[in-house]
Amino acid sequence: MTESGVAVRDLLRDAAGRLSAAGVPSPAVDAELLLADVLGIDRGRLITTGPVDPGAQEAFAAALARRCTREPLQHIIGHAWFGPLELAVGPGVFVPRPETEALLEWALVQARHTSPAIAVDLCSGSGALAIALAHELPNVRVHALELSDEALVWLRRNVSAQPADIADRIIMQQVDVTDRDAVVAAVGASTAGLIVSNPPYIPTGAADGLDPEVREHDPHAALFGGTDGMSVIGPMAAAIAAIARPGAPVAIEHDDTTGDRVAAVLRTTGFDDVAGRTDLAGRPRFVTGRAPVSVDVEGSGS
Ligand SMILES: C[S@@+](CC[C@H](N)C(=O)[O-])C[C@H]1O[C@@H](n2cnc3c(N)ncnc32)[C@H](O)[C@@H]1O
């Protein structure tokens, strides 16, 4: 340690204690991520970093104070990770969650079999799913549909931060996904070969059980899906049916408690092969299906 520098391990020990006292769920990890951000290094390099100078100590203390108020870590550092992507986030947009990566993985496996030309991400938020699809599927055009003015600002920012060959294939549209006609006007009837959505789905009665980071910082329009969690998913299913090509794979994320309802809605809307799927933690997280392959009057499939 130098005269005014403080060893990384001492700073981290103190910070983790303060975060833990504030009720932060992962205090040690958050302390490391905040300090790494302040120092402008990867978290893995902290172990080999020398004493932290007073200026960086001050910046770290400020970041820590914010996190102790339960401001989301991602708002403080200005970005969130989603698979290999680093996306800008802050007030007005939902912070992408690792749970949604399971849905993305499923969609990518489907795309390898079906080679879609057009994919659609309904309720796009920061653009996590839309941008990831455009990255992983180089021949696919992706419609990113989002209603919120504030979220669209982040979506545009994240898309424009991508290389041109990716950004140019993402079509951002301000659309209410519960409005079937508006969705069809934006995307086209029976055109989409792959459809994903992480819509608002938390039942309003569950608000009290949410962490302060979520309840006080994620936009409520991104979180809540009415009393039963289905106020967006229900009408959105009809819109998806209208834009899907026959046989197109569809995946919709949902609340832990609503998997059966989402599956029922997809079945009654006419989807085939409807199945519940779990996230990386093994919780029911998304439902998948396949748009029906229509049969013409002569009985030949299309
Ligand atoms: C749970 S967030 C998901 C964002 C992003 N897909 C992700 O996985 O990180 C839901 C998003 O749906 C948007 N949204 C809510 N109601 C909508 C509607 N009726 N039409 C379109 N977007 C809507 C919200 O603004 C929010 O950005």
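On a predicted model such as this, the values are computed, not experimentally measured, just so you know.

Digging into the site of the ligand
Alright, step 1. Close to the ligand lie 17 residues, the nearest being C123, E146, D176, V177 and N198.
Alright, step 2. In this structure, a nitrogen atom belonging to the ligand sits 3.5 Å away from a main-chain N or O atom of S124.
Alright, step 3. Between an oxygen atom of the ligand and a side-chain N or O atom of E146, the distance comes to 2.6 Å.
Alright, step 4. Tallied by class, residues from the shell around the ligand come to ten nonpolar, five polar and two charged.

A word on the nonpolar core
Side chains of nonpolar character tend, in soluble globular proteins, to be buried together.
Alright, step 1. Counting 39 residues, the largest nonpolar core has V120, L122, L145 and I195 as the members making the most contacts within it.
Alright, step 2. Secondary structure elements with two or more residues in this core: strand 3 (118-122), helix 9 (180-187), helix 12 (233-243), strand 7 (249-253) and helix 13 (259-268).
Alright, step 3. Broken down by element, the residue count for this core peaks at six residues, all from helix 12.
Alright, step 4. Those residues in contact with V120 that lie beyond four places of it in its chain are H143, L145, V187, A192, L194, I195, V196 and I243.
Alright, step 5. Counting residues in each nonpolar core, the second largest holds 32 residues, with F82, L85, A134 and V196 among its members.

Things to note about the pattern of salt bridges
Alright, step 1. Taken as a whole and judged by the stated rule, the model has twelve salt bridges.
Alright, step 2. A single network of salt bridges, built from pairs that share partners, joins D30, R67, R70 and E213.

What about the side chain of D30?
Alright, step 1. Note that D30 resides in helix 2 (residues 27-39).
Alright, step 2. Classification of D30 as buried rests on a relative accessible area of 4%.
Alright, step 3. Excluding residues that lie within four positions of it along the chain, D30 makes contacts with L19, V24, R67 and L73.

Some thoughts on the pairing of strand 6 (residues 194-197)
Alright, step 1. In strand 6, alternate side chains face the same way, and those of L194 and V196 on one face and I195 and S197 on the other are all buried.
Alright, step 2. Where strand 3 and strand 6 come together, four bridges link them in parallel fashion. Looking at the pairing, V120 lines up with I195 of strand 6.
Alright, step 3. Here strand 6 pairs with strand 7 via three bridges, running parallel. Across the sheet, V196 pairs through a bridge with A251, a residue of strand 7.

Looking at the confidence of the model for the protein
Alright, step 1. With 96% of its residues at a pLDDT of 70 or more, the protein has an overall mean of 95.
Alright, step 2. Every residue in residues 296-302 scores below 50 in pLDDT, and together they form six contacts with partners more than four places removed in sequence or on other chains.

Some points on helix 13
Alright, step 1. What helix 13 keeps buried is the set G259, V262, A263 and L266. The buried residues of helix 13 all sit within an arc of 100° when viewed along its axis, so they share a single face. Set apart from the buried face of helix 13 by more than 90 degrees, the exposed residues are D260 and T268.
Alright, step 2. The inward-facing, buried residues of helix 13 contact helix 12, strand 7, strand 8 (272-278) and strand 9 (284-290).
Alright, step 3. Trailing helix 13 by a residue or two, G270 shows a phi angle of about 105°, which is positive.

Remarks on the environment of D168
Alright, step 1. Relative to the helices and strands, D168 is located in the loop between helix 8 (164-167) and strand 5 (170-174).
Alright, step 2. You can call D168 exposed: its relative accessible area is 61%.
Alright, step 3. Expressed as a C-alpha distance, the spacing of D168 and A59, which sit 109 residues apart in the sequence, is 38 Å.

Some remarks on the packing of helix 1 (residues 8-21) against helix 3 (residues 54-68)
Any two packed helices are characterised by the angle at which their axes cross and by the distance between the axes.
Alright, step 1. At a minimum axis distance of 10 Å, the contact between helix 1 and helix 3 shows a crossing angle of 20°. Comparing the axis directions of helix 1 and helix 3 gives the class roughly parallel. The chirality of how helix 1 crosses helix 3 is right-handed. Here L11, A15, R18 and L19 of helix 1 lie close against helix 3, whose contacting residues are Q57, F60, L64, R67 and C68.

Some remarks on the domain arrangement of the protein
Alright, step 1. When the domains of the protein are assigned, the result is domain 1 (8-69) and domain 2 (92-290).
Alright, step 2. Averaged C-alpha coordinates put domain 1 and domain 2 at centres separated by 34 Å.

Considerations on helix 1
Alright, step 1. Helix length check: helix 1 (14 residues) gives 20 Å between terminal C-alpha atoms against 20 Å at 1.5 Å per residue, within 8%.
Alright, step 2. Among the residues of helix 1, V8, L11, L12, A15, A16 and L19 are the ones counted as buried. Taken down its axis, helix 1 places every buried residue within 125° of arc, on the same side. More than 90 degrees from the buried face of helix 1, the exposed residues found are R13 and A21.

A look at the sheet that holds strand 5
Alright, step 1. Read across the open sheet, the seven strands follow the order 5-4-3-6-7-9-8; overall the sheet is mixed. In this open sheet, the two strands that pair with only one neighbour each are strand 5 and strand 8. Strand-to-strand, the axes of this sheet are offset by a mean angle of 15°, without reference to chain direction.
Alright, step 2. Pairing between strand 7 and strand 9: five bridges, direction antiparallel. Across the sheet, residue V250 finds its bridge partner in strand 9, namely G289.
Alright, step 3. Helix 6 (residues 128-136) contacts strand 3, strand 4 (141-146), strand 5 and strand 6 of the sheet and is inclined by roughly 175° relative to strand 4.
Alright, step 4. The sheet contacts of helix 12 involve strand 3, strand 6 and strand 7, and relative to strand 7 the element is tilted by about 165°.

Each value, and the rule that gives it
- Residues numbered from 1 in each chain as written.
- Predicted model: local features only at pLDDT ≥ 70, side-chain atom pairs only at ≥ 80, totals over all residues.
- Heavy atoms only, no water.
- Near = heavy atom within 4 Å.
- Polar contact = N/O pair within 3.5 Å; in protein donor to acceptor, adjacent residues only side chain to side chain.
- Nonpolar A, V, L, I, M, F, W, Y, C, P; charged D, E, K, R; others polar.
- Core = buried A, V, L, I, M, F, W, Y, C linked by side-chain atoms within 4.5 Å.
- Buried < 20%, exposed > 50% of the residue type's maximum accessible area, 1.4 Å probe, protein only.
- Helix = DSSP H or I, 4+ residues; strand = E, 2+ residues; numbered from the N terminus.
- Contact = heavy atoms within 4.5 Å.
- Salt bridge = Lys/Arg side-chain N within 4 Å of Asp/Glu carboxyl O.
- Pairing = 2+ DSSP bridges.
- pLDDT = per-residue confidence, 0-100.
- Arc of directions from axis to C-beta.
- Axes fitted to C-alpha atoms, helices over the stretch in contact; angles between N-to-C directions.
- Parallel < 35°, antiparallel > 145°, perpendicular 65-115°, else oblique.
- Left-handed = near helix turned anticlockwise from the far one by under 90°.
- Domains from an automatic or database assignment.
- Expected span 1.5 Å × (residues − 1).

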